[in-house]
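Listed below, chain by chain, are the residues.
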Amino acid sequence: MILKFKPVSLLSLMKKLLVLGITAWAANSTILLLRLQPRKVLVGIDSYGARVITNETDRLVLLERENFVKKYLAYSYNYSSNNYDERTSLAGNMMASPLWKEKKREFTQISENLRKQELVQEAKVLELREVDTENFEADLEIKVRTKLQEATTKIRVEIKIKKGKRTEENPYQYEVENYV
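Structure report, in brief. (Residues numbered from 1 in each chain as written. Predicted model: local features only at pLDDT ≥ 70, side-chain atom pairs only at ≥ 80, totals over all residues. Heavy atoms only, no water.)

**With respect to the nonpolar core**
Then comes step 1: Core analysis: the largest hydrophobic core is formed by 30 residues, its most contacted members being Phe68, Val69, Tyr72, Leu73, Ile159 and Tyr179.
Then comes step 2: Tallying contributions element by element places helix α2 (residues 59–77) first for this core, with eight residues.
Then comes step 3: If we skip the residues at most four places from it in the chain, Ile159 touches Val69, Tyr72, Leu73, Glu134, Asn135, Phe136, Val176, Asn178 and Tyr179. (Core = buried A, V, L, I, M, F, W, Y, C linked by side-chain atoms within 4.5 Å. Buried < 20%, exposed > 50% of the residue type's maximum accessible area, 1.4 Å probe, protein only. Helix = DSSP H or I, 4+ residues; strand = E, 2+ residues; numbered from the N terminus. Contact = heavy atoms within 4.5 Å.)

Following this line, the structure appears as structure tokens:
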């Protein structure tokens, strides 16, 4: 006795086998991916070559922390009446959310005052000291130029940083928790 399959039922059987196969493959792939425990590896490249960074005392990690603080200071203290909002926004991307919420009103007030008066402020980092892994002190020389005057002053800024997530807005793994 020879079984004859109708063409319609053969096509239906093939569709069911195909769906079953794809479902099995998807389930297997999902299980394998869940079993994997990916590990983030940070590779550092400098003048001595490439290496895997394994601890917080690595020279490149220390340099990254220092560069983060310098960039934050540059955004916060180098501005003009025309670009204050943009620079403050960039500095805000480097701040922790509670600090941004605390300082936002102050920044808005300064922005409104700068719309009435033309001003250029330039800051130069004279010295940057790492007190510990989270605290920095920076001595800055600030020049403020208005239409008719130029004034120079020196200030000390204390900055506390903490670990954060790297994002497109803030490519560093740190954020400013507090500054005075």
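**Considerations on the pattern of salt bridges**
Then comes step 1: All chains considered together, the criterion is met by 14 salt bridges.
Then comes step 2: Of the charged contacts, one joins Asp139 and Arg156 as a salt bridge, the two residues approaching to 2.8 Å between their closest N and O atoms. In this pair, Asp139 is assigned in strand β5 (residues 135–145) and Arg156 in strand β6 (residues 150–163), connecting sequence segments 17 residues apart.
Then comes step 3: A relative accessible area of 49% means that Arg156 is categorised as partly exposed.
Then comes step 4: A single salt-bridge network, built from bridges that share partners, covers Glu127, Arg129, Glu137, Asp139 and Arg156. (Salt bridge = Lys/Arg side-chain N within 4 Å of Asp/Glu carboxyl O.)

**Comments concerning the layout of surface pockets**
Then comes step 1: Of the pockets and cavities examined, the largest pocket occupies roughly 310 Å³.
Then comes step 2: Along its surface, the largest pocket is lined by 13 residues, and Lys40, Leu42, Lys163, Arg166 and Gln173 are the ones closest to its centre.
Then comes step 3: In the lining of the largest pocket, the residues fall into four nonpolar, four polar and five charged.
Then comes step 4: Volume-wise, the second largest pocket comes out at about 180 Å³.
Then comes step 5: Tyr75, Ser76, Tyr77, Tyr79, Tyr84, Thr88, Ala91, Glu106, Phe107, Ile110, Gln121 and Tyr179 are the residues that line the second largest pocket. (1 Å grid on protein atoms, 1.4 Å probe; cavity = no way out; pocket = protein on both sides within 12 Å on 5 of 7 lines; lining within 4 Å. Points joined across faces, edges and corners; volume = space filled by probe spheres on them. Nonpolar A, V, L, I, M, F, W, Y, C, P; charged D, E, K, R; others polar.)

**Thoughts on helix α3 (residues 84–93)**
Then comes step 1: The complete set of buried residues in α3 reads Tyr84, Arg87, Thr88, Ala91 and Gly92. The buried side chains of α3 occupy one side of the element, clustering within an arc of 140° when seen end-on. (Arc of directions from axis to C-beta.)

**Things to note about the packing of aromatic side chains**
Then comes step 1: Summed over the entire model, instances satisfying the criterion amount to five aromatic pairs.
Then comes step 2: Aromatic side chains Phe68 and Tyr174 sit 6.1 Å apart centroid to centroid with 50° between the ring planes, which places their arrangement in the tilted category. Highlighted residues: Phe68 in helix α2 and Tyr174 in strand β7 (residues 174–179), separated in sequence by 106 residues.
Then comes step 3: Of the residues examined, Phe68 reaches a relative accessible area of 0% and is grouped as buried.
Then comes step 4: A residue is classified by how much of its surface remains accessible, and Tyr174, at 3% relative accessible area, is buried.
Then comes step 5: Ring geometry for Tyr79 and Tyr84: centres 4.8 Å apart, planes at 75°, overall edge-to-face.
Then comes step 6: Judged by its relative accessible area of 13%, Tyr79 falls in the buried class.
Then comes step 7: The class of Tyr84 is buried, set by a relative accessible area of 6%.
Then comes step 8: Through a chain of ring-to-ring contacts, three or more aromatic side chains come together here, namely Phe68, Tyr172 and Tyr174. (Phe/Tyr/Trp six-rings, centres within 6.5 Å; stacked < 30°, edge-to-face > 60°.)

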